[in-house]
Amino acid sequence: MSPGDRLPRVLPWIVQGALLVAGVLAAWHARNSIPDDGFIVLRVVRHWIAGHGPYFNVDDPSVQVVTSPLNLLLLTLLAQATRLFGVSVGDAPVLAAQILFLVTLPAVGWLSYSLVAGGRRELGAEMGGFLAGLSAILICANAYVVGLETALVFALILASLLAFRRERWVLTSSLLGLAFLARHDVAILVGLITVWYASRAEPGARVQAGLAFLRPFVLIAVVWIGYSTIAFGKPVPDTLAAKMAQGGSPYWPEPYWWGLGRLPAFFDASSLGTTILALFLVLAAVALFAKRSPSRLEMGLLFAYSLLHLVLYTLLGIPIYHWYYLAYALALCVLAGSGIAAIPGRWLGGLLGFGIAMLALVARGAVLTSDLPWETRFQPYREAGEYLDQHPAKRVGMSEIGIIGYYAPNVEVFDFSGIATPEQRPRIAAGRATEWLGQDEGLPDKVVTRGEKHPLEPDFDPRFETLYELEQEFPYRNDGSMTVQIWRLRAP
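Residues numbered from 1 in each chain as written. Predicted model: local features only at pLDDT ≥ 70, side-chain atom pairs only at ≥ 80, totals over all residues. Heavy atoms only, no water.

A. Here's a closer look at the overall build of the protein chain. On a plain count of helices and strands, the protein chain comes out with 19 helices and five strands. On C-alpha atoms alone, the protein chain measures out to a radius of gyration of 24 Å, which is about the 23 Å that the 2.2 N^0.38 rule sets for 492 residues. Overall, the protein chain is about 85 × 55 × 50 Å in size when its C-alpha atoms are taken along their principal axes. Counting only residues that meet the buried cut, the protein chain has 55% of its 492 residues in that class. Sequence separation of 24 or more characterises 72% of the internal contacts of the protein chain that already satisfy a separation of 6 or more. For the protein chain, the accessible surface area stands at approximately 20,700 Å², while carbon and sulfur atoms represent 63% of it. (Helix = DSSP H or I, 4+ residues; strand = E, 2+ residues; numbered from the N terminus. Rg over C-alpha atoms; globule rule 2.2 N^0.38 Å. Buried < 20%, exposed > 50% of the residue type's maximum accessible area, 1.4 Å probe, protein only. Contact = heavy atoms within 4.5 Å. Areas by Shrake-Rupley, 256 points an atom, 1.4 Å probe, with all protein chains shown as cover.)

B. Seen up close, the side chain of Ser 112. Looking at the secondary structure, you find Ser 112 in helix H4 (residues 92-117). Apart from residues no more than four positions distant in its own chain, Ser 112 is found in contact with Ala 132, Gly 133, Ala 136, Phe 154, Leu 158 and Val 334.

C. Layout of the side chain of Asp 415. You can see Asp 415 is positioned in strand S2 (residues 412-415). Only 2.7 Å separates the side chain of Asp 415 from the backbone nitrogen of Ile 419, close enough to count as a polar contact. When neighbours within four sequence positions are excluded, Asp 415 is seen to be in contact with Met 398, Ser 399, Ile 401, Ala 420, Thr 421 and Gln 424. (Polar contact = N/O pair within 3.5 Å; in protein donor to acceptor, adjacent residues only side chain to side chain.)

D. Structural view of the pairing of strand S3 (residues 446-449). By the alternation rule, side chains of S3 split into Lys 446 and Val 448 and Val 447 and Thr 449, which are all buried. Sheet topology places strand S1 (residues 395-398) next to S3; two bridges connect them, and they run parallel. Bridge pairing links Gly 397 to Val 447 in S3. (Pairing = 2+ DSSP bridges.)

E. Representation of a nonpolar patch on the surface. The grouping of Phe 303, Leu 307, Val 311 and Leu 315 at the surface amounts to a nonpolar patch, some 380 Å² of accessible area in total. Of note, Leu 315 is situated in helix H13 (residues 296-316). Classification of Leu 315 by relative accessible area gives exposed; the value is 71%. (Patch = residues over 30% accessible without salt bridge, like charges linked within 9 Å, V, L, I, M, F, W, Y side chains within 5 Å. Salt bridge = Lys/Arg side-chain N within 4 Å of Asp/Glu carboxyl O.)

F. Expanded view of the pattern of salt bridges. One pass over the structure, following the stated rule, counts 17 salt bridges. Residues Arg 395 and Glu 423 are paired through a salt bridge, measuring 3.3 Å at the closest nitrogen-oxygen approach. Here Arg 395, found in strand S1, pairs with Glu 423, found in the loop between S2 and helix H18 (425-429); they are 28 residues apart in sequence, far enough to count as distant. Residue classification places Glu 423 among the partly exposed positions, given a relative accessible area of 38%. For Arg 450, the salt bridge goes to Glu 457, with nearest N and O atoms at 2.7 Å. In this structure, Arg 450 and Glu 457 share a single accessibility class: buried. Among the charged side chains, a salt-bridge network with shared partners connects Lys 446, Glu 469, Glu 471, Arg 488 and Arg 490.

G. Layout of the environment of Ala 151. Tracing the backbone shows Ala 151 in helix H6 (residues 150-165). What makes Ala 151 buried here is its relative accessible area of 2%. Dropping the residues within four chain positions of it, Ala 151 is found in contact with Phe 101, Thr 104, Val 108 and Cys 140.

H. Seen up close, the packing of helix H3 (residues 69-83) against H4. Following both chains from N to C, one finds H3 and H4 inclined at 115°, their axes separated by 8 Å at the closest point. Note that H3 runs across H4; the crossing there is right-handed. Within the contact between the two elements, H3 uses Asn 71, Leu 74, Leu 75, Leu 78, Ala 79, Thr 82 and Arg 83 and H4 uses Ala 92, Pro 93, Leu 95, Ala 96, Ala 97, Ile 99 and Leu 100. Residue composition of the contact of H3 with H4, by class: 11 nonpolar, two polar and one charged. (Axes fitted to C-alpha atoms, helices over the stretch in contact; angles between N-to-C directions. Left-handed = near helix turned anticlockwise from the far one by under 90°. Nonpolar A, V, L, I, M, F, W, Y, C, P; charged D, E, K, R; others polar.)

I. Spotlight on helix H14 (residues 326-341). The end-to-end C-alpha distance of H14, which contains 16 residues, comes to 23 Å, matching closely the 22 Å that a straight helix rising 1.5 Å per residue would cover. Summarising burial for H14: 15 of the 16 residues are buried, a large majority. (Expected span 1.5 Å × (residues − 1).)

J. Summary view of the environment of Gln 472. Positionally, Gln 472 belongs in strand S4 (residues 468-476). With relative accessibility at 30%, the residue Gln 472 sits in the partly exposed group. Gln 472 sits 147 residues away from Tyr 325 along the chain, and the two C-alpha atoms are 36 Å apart. Those residues in contact with Gln 472, other than ones at most four positions away along the chain, are Tyr 387, Val 484, Gln 485 and Ile 486.

K. View of the packing of aromatic side chains. Counted according to the given criterion, the structure contains 29 aromatic pairs. Relative to Tyr 325, the ring of Tyr 256 has its centre 4.8 Å away and its plane inclined at 20°; by these criteria the two rings are stacked. Here Tyr 256 is found in the loop between helix H10 (239-246) and helix H11 (263-267), whereas its partner Tyr 325 is found in the loop between H13 and H14, with 69 residues between them in sequence. A relative accessible area of 0% means that Tyr 325 is categorised as buried. (Phe/Tyr/Trp six-rings, centres within 6.5 Å; stacked < 30°, edge-to-face > 60°.)

L. Structural context of the nonpolar core. Judged by nonpolar contacts, the single largest core of 165 residues is most densely connected at Val 65, Val 186 and Phe 267. Setting aside residues no more than four positions away along its own chain, Val 65 makes contact with Ile 40, Val 44, Phe 56, Thr 239, Ile 419 and Ala 420. (Core = buried A, V, L, I, M, F, W, Y, C linked by side-chain atoms within 4.5 Å.)

M. Quick look at the state of the cysteines. Throughout the structure, instances matching the rule amount to zero disulfides. With no disulfide of its own, Cys 333 has Cys 140 as its nearest cysteine by sulfur position, at a separation of 9.5 Å. With a relative accessible area of 0%, Cys 333 lands in the buried category. (Disulfide = S-S within 2.5 Å.)

Structure (structure tokens):
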């Protein structure tokens, strides 16, 4: 074998190895950057492994605050497994989230590469896969999604598209079932693939063909739906109703699609992010429309899913939360890599793909070395939670319910944003989030505010300081003028 023949055989192993190493390093570095919403899930895990059931507030088992059942199940199993090695109930859920991210983030990179490269020993395909995998790893690690389902659901979507390409229909349907349990809006992709599959059958047999394809998906999905109906009294999480109440309210007036303006920040916070996004959009168009594109069907399904996802969320009135748009950025990474693979010529696509991958590494590669802001941003939340755990109150009102609620597991959380507290949702939709201050009874014993005038929090309402007095403060590390504050109900 000549040296010229050896490179194509070695290159895929080098690229895949580099992506797996990058994924592990990025996940390891980001392991402590669990956001507040991640701790909402972890509080449920903590209660479950402690024997209280999969509930956020133990005394209110009717509320299902977790969007992703599969993420919850995996975190609970991992947390329970760490308990066998002596890890405490308080530490086990956090460790479980870190372990799961150490698996799912490299998987996102490797599956992105596999979907784009497709086993072709071409420099353009290899570098397109490298671009897709590396950029997906970097932006996902920068988005503070440890503990959330983001990496898990995207990995399952990519895996289902790979099985689809190989015409492994039972595996495709089964992976879609798992992806649906990871996040229910994957039902959009399930519908797209089912319609395509059924369209290949004879006109009179298309419904039967579609139902046959869906059988494994249904068998997987119905298990959780049945359990959720029994355990919570409803088949879908409460988060959808809470988000629909928030969207379009005076607190989130912009339509969901308006949040697309945040996409450049996923690629870089500077103007370089806009440049990379523009390049990715051009390459995505190449992947979708170039005749030479090796995976036009899979890329078309991924694009259609992303577009319909955007339309559905807009129609449902979902509010703007920045991490929702990460799904579109990750899809763009794969589409851009596929666009590189479609560029003709032996060297042009490969050089262009490697060059843009290095640009993405320059823009977002600091995730592998830089300090993350958890200590300065979230440490006061943990201190407030630990204080509440040591100075207990039966019911505590707050808007950031994750970290504080996790470190104060025994308090009942009154959620100003309505996710864990259903009675708040109509108040939010009507623009009267602090209306609860006018109640004659049932007021929270304590209230946590964040030292800023947030409309969901009550400290700007003139009634608040007539009812509550300041008990304790926890300053932010980077700004002493900002504090997390705990207020207690004044004695009658």
